[in-house]
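Letter by letter, the chains look like this.
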Amino acid sequence: MPSTAPALPLADVTVSDAALRRFLHGLPGVDAVGLEARAAALGTRSIKTTAKSYAIDLAISMIDLTTLEGADTPGKVRSLCAKGAAPDPSDRSAPAVAAICVYPDLVREAKAALRGTGIAVASVATAFPAGRAARSVKLADTREAVAAGADEVDMVIDRGAFLAGRYLQVFEEINAVKAACGDAHLKVILENGELAAYDTIRRASWLAMLAGADFIKTSTGKVAVNATPANTLLMLEAVRDFRAATGRQVGVKPAGGIRTTKDAVKYLVLVNETAGDDWLDPAWFRFGASSLLNDLLMQRQKLRTGRYSGPDYVTVD
Amino acid sequence: MKFEYAPAPESRATAPVASSYGLFIDGEFRPSAAGKAFKTISPATEEVLSEVAHAGADDVDAAVAAARRAFPRWSGLPGAERAKYLFRIARLVQERARELAVLESLDNGKPIRESRDVDIPLVAAHFFYYAGWADKLPHAGFGRDPRPLGVAGQVIPWNFPLLMLAWKIAPALATGNTVVLKPAETTPLTALRFAEICRQAALPPGVVNIVTGDGTTGAALVEHPGVDKVAFTGSTAVGRGIARAVAGTRKKLTLELGGKAANIVFDDAPVDQAVEGIVNGIFFNQGHVCCAGSRLLVQESVAEELLAALKRRMATLRVGDPLDKNTDIGAINSAAQLARIRDLADAGTAEGARRWSPPCDLPTEGYWFPPTLFTEVGQSHRIAREEIFGPVLSVLTFRTPEEAVAKANNTPYGLSAGIWTEKGSRMLWLAGQLRAGVVWSNTFNKFDPTSPFGGYQESGYGREGGRHGLGAYLDV
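A few points on the structure. No experiment lies behind these values; they were computed from the predicted model shown.

1. Here we look at the pairing of strand 10 (residues 229–233) of chain B
Residue and element names in this part refer to chain B.
So, step 1. Taken across its 5 residues, strand 10 has 5 buried, putting it largely inside the fold.
So, step 2. The side-chain alternation of strand 10 yields two buried faces, one formed by Lys229, Ala231 and Thr233 and the other by Val230 and Phe232.
So, step 3. By the bridge criterion, 4 bridges tie strand 7 (residues 151–155) to strand 10 in an arrangement that is parallel. The residue bridging Gly153 from the neighbouring strand is Val230, located in strand 10.
So, step 4. Bridging between strand 10 and strand 11 (residues 252–256) involves 5 bridges; their strand directions are parallel. Counted as the bridge partner of Val230 is Leu253 from strand 11.

What follows is the structure, given as structure tokens:
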């Protein structure tokens, strides 16, 4: 059935629901205590001076600067785009963010505002954030976003189907969305908070990668539990193992709740020591965040001037 | 581009070291009667840190006499009163945690990450735990009125200097004994800092005495007729000598000796966590751990995959300055220990095992050994039989659970073991088959004051920690 699945050494595991289930349930288990202990241990790395300065600029360049509110307006999106292109008006050496992430109806606005900057426009589609709509609606949502100019599409998986064990259905849907994306990059949101168990998150990660995801993303940012160091560590293990098994590299995007420089640096340490430096690049790792950028800018100013400035020295957009 | 972590050294200023230290006897610091002293160095740099008094027989005599004098009053205090002192010590350890961690890393060579996050918190936890027992001894299961033994002579090793001190002193004091403790020759500084904490806690003079020195000092203490109880942690060879010296006397004895633990990984194990557990099992504290998981037994069907993951992980270990907060593996404690590790590792190569270490730059000064892995190891190789006490892992394979049990138990030691599997029934079955004092499952090298610790066979006898640990210091 799957027609647009990329040719992978593992293509035969997706021939039937049973084969897919056997494969996903045959993945190594996750010991929750051990996983969380490892994530916590990596969180104690001490990143100072030159390493901190490197990490801050890298983190800024990895941000998908996001606004996903019902009250979003074209004006708000335009000002966010301006901020993404030149985050620190007092210091033009601050890097630009990786992408601006908006709802599909605001893609055209963002695209126009970012013309010539090299910054990508990402759009959440597929009936974000619940994903509870007919497949035809999800695909139409995706096509509209891409037609409006989205360079990247963030889709949500059907958690209901996944938790019910209908893995092939989820696989086919991701596959179909991938086809609808055309040249746009597809980020698949697992919504870890709703998958709950670590074993399930690993299975969902592999399912998304098998179905052609360019990125796997922790969460929508709209539920109680979003990105955590532990579930991001687990997904980094998954992309690392997937590349070893298939030769194809997939990116990771934690989203939701990452607000401080300290947090962001911890995630970069996870990337560095789990997947490795091949992933320390905006092409392979992103932060989905709205308020992280200002803290990074304040820390950046502190490193440059030796003094803390304060929230009035960064912009609100 | 690479994410290089800039050095993040912990400041030495929090832990000033005096140019010389005396013996702690009867609540006072004093020079040794013979005026002898020895130097303690930083194994990471070979820099001399301080000069420490070398206790002779006269000094040991004085320390035992002081402990004897203090015994009636200390053992006569209500348990709740003794508990107050122990609680006070525990809180002082917490307050001075940073100072103690820095001092421990300086003198021992272990990474500050471990002394700060593992050793010192556990030291405080042991004093808190046994403080809680001091007024509940009649309810500990040793009869209605268990009595202390008297003067405890305690000799501890250099791998966890302050933690081993806590394992020895906390239960001894809680049960009403007084103590003469001899820290290891290469790591005396935190024990002497602990003596200051005893004074700060206003512990009555003579309750805790600390005599520094080498093996001769330890022998004088163990053989002293005024000692009622001997507790020793260290090598099996020295333990044998102590057992011989104590045989035929009325002294009670506990020995916590070497180990050659099997860490058994089944094909359904949580792979990523198993790799962490293997790393923690053998590279924690540079492998200077008597319960280290130094023999990895892997099910053959996953051996290749697991070893690839293990090697990838080992390549991320950061070896270097123990005071750098990002260091994972610090210095080998002494030149003698480094020579022993080299000798055994060379024997591994000579006997036909395949040796592997990740590329890593070792500092030019100090004592260093890279994390090392041996594959194609046979049960008859020395590296599979003898305790190396260094960052050297021997990998063996097995096909069936029965074979895993046979290989794991085929050792003169029996201190600890590890099991990695997602299958609960197999885990419980195997734990019952293994002859080891501690069996960890899906974890390794986890310590807790509530959990008894001790060995089978040449790993010694007696238990430390938990309720069982009280029994070793009570007349039961």
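Still more ground to cover, so stick around.
2. A short note on the sheet that holds strand 12 (residues 262–265) of chain B
All names here are of chain B.
So, step 1. Spatially, the 7 strands line up as an open sheet ordered 14-15-16-13-12-17-18, and their pairing is mixed. The open sheet has two free edges, formed respectively by strand 14 (354–356) and strand 18 (438–441), since each of these has just one partner strand. Strand-to-strand twist of the sheet, defined as the mean angle between neighbouring strand axes without regard to direction, takes the value 20 degrees.
So, step 2. For strand 13 (residues 295–299) and strand 16 (residues 392–398), the ladder comprises 5 bridges, and the chain directions are parallel. Residue pairing for strand 16: Arg295 is matched across the bridge by Ser394.
So, step 3. Where helix 13 (residues 401–409) meets the sheet, it contacts strand 12, strand 13 and strand 16, and its direction lies at approximately 170 degrees from that of strand 13.

3. What to know about the interface of chain A and chain B
So, step 1. Taken together, the contact pairs 27 residues of chain A with 24 residues of chain B.
So, step 2. Regarding the contact of chain A and chain B, the summed buried area is about 2200 Å², with carbon and sulfur atoms giving 47% of it.
So, step 3. Looking only at chain A, the three residues that lose the most surface to chain B are Asp31, Arg45 and Tyr54 of chain A, adding up to 25% of its buried area.
So, step 4. Counting the contacts that link chain A with chain B gives 5 salt bridges.
So, step 5. When the shortest N-O distance is used, the salt bridge between Asp277 of chain A and Lys2 of chain B registers 2.5 Å.
So, step 6. Between the two partners, chain A and chain B, sit 10 residue pairs in polar contact (both at pLDDT 80 or more).
So, step 7. Contributing elements (two or more residues each) for the side of chain A that touches chain B: helix 2 (32–42), helix 3 (49–61), helix 11 (229–246) and helix 12 (261–274) of chain A.
So, step 8. No other element matches the 5 residues that helix 3 of chain A contributes to the side of chain A that touches chain B.
So, step 9. Residue classes in the side of chain A that touches chain B are distributed as 10 nonpolar, 7 polar and 10 charged.

4. Let's talk about the packing of aromatic side chains
Residue and element names in this part refer to chain B.
So, step 1. Under the criterion given, the structure shown has 21 aromatic pairs over all chains.
So, step 2. Consider the rings of Phe266 and Phe398, whose centres lie 5.2 Å apart with planes at 75 degrees: the pair is edge-to-face. Taken together, the positions of Phe266 in the loop between strand 12 and helix 9 (271–283) and Phe398 in strand 16 put the pair 132 residues apart, joining distant regions of the chain.
So, step 3. The class of Phe266 is buried, set by a relative accessible area of 1%.

5. What to know about unusual backbone geometry
So, step 1. Omega for the bond connecting Phe128 of chain A with Pro129 of chain A falls within 30 degrees of zero, at 0 degrees, which places this linkage in the cis form.
So, step 2. With respect to the helices, strands and loops of the structure, Pro129 of chain A is situated in the loop between strand 3 (120–124) and helix 6 (135–147).
So, step 3. Its identity as a non-glycine residue notwithstanding, Asn285 of chain B has a phi of 55 degrees, on the positive side.
So, step 4. With respect to the helices and strands, Asn285 of chain B occurs in the loop between helix 9 and strand 13.
So, step 5. Here Gln457 of chain B, not a glycine, exhibits a phi torsion of approximately 50 degrees, which is positive.
So, step 6. In this fold, Gln457 of chain B is placed in the loop between strand 18 and strand 19 (460–461).

6. Remarks on the pattern of salt bridges
Residues and elements named next belong to chain B.
So, step 1. Applying the stated criterion across every chain yields a total of 53 salt bridges over all chains.
So, step 2. Residue Arg313 is joined to Glu276 by a salt bridge in which the shortest nitrogen-to-oxygen separation is 2.7 Å. You can see Arg313 sitting in helix 10 (residues 300–314) and its partner Glu276 sitting in helix 9, a full 37 residues away along the chain. Glu276 matches Arg313 in its accessibility class, with the two residues each being buried.

7. Let's talk about the pairing of strand 1 (residues 63–66) of chain A
Residue and element names in this part refer to chain A.
So, step 1. Burial of strand 1 is two-sided: the residues Ile63 and Leu65 facing one way and the residues Asp64 and Thr66 facing the other way are all buried.
So, step 2. Sheet topology places strand 1 next to strand 8 (residues 287–289); 3 bridges connect them, and they run parallel. Within strand 8, the position partnered with Ile63 by the bridge is Phe287.
So, step 3. The β-α-β motif built from strand 1, the intervening helix 4 (residues 74–85) and the parallel element strand 2 (residues 99–102) has right-handed crossover chirality.

Calculation criteria
- Residues numbered from 1 in each chain as written.
- Chains lettered and ligands numbered in written order.
- Predicted model: local features only at pLDDT ≥ 70, side-chain atom pairs only at ≥ 80, totals over all residues.
- Heavy atoms only, no water.
- Buried < 20%, exposed > 50% of the residue type's maximum accessible area, 1.4 Å probe, protein only.
- Helix = DSSP H or I, 4+ residues; strand = E, 2+ residues; numbered from the N terminus.
- Pairing = 2+ DSSP bridges.
- Axes fitted to C-alpha atoms, helices over the stretch in contact; angles between N-to-C directions.
- Contact = heavy atoms within 4.5 Å.
- Buried area = accessible area lost by both parts, 1.4 Å probe.
- Salt bridge = Lys/Arg side-chain N within 4 Å of Asp/Glu carboxyl O.
- Polar contact = N/O pair within 3.5 Å; in protein donor to acceptor, adjacent residues only side chain to side chain.
- Nonpolar A, V, L, I, M, F, W, Y, C, P; charged D, E, K, R; others polar.
- Phe/Tyr/Trp six-rings, centres within 6.5 Å; stacked < 30°, edge-to-face > 60°.
- Right-handed = clockwise from strand over helix to strand, strands pointing away.

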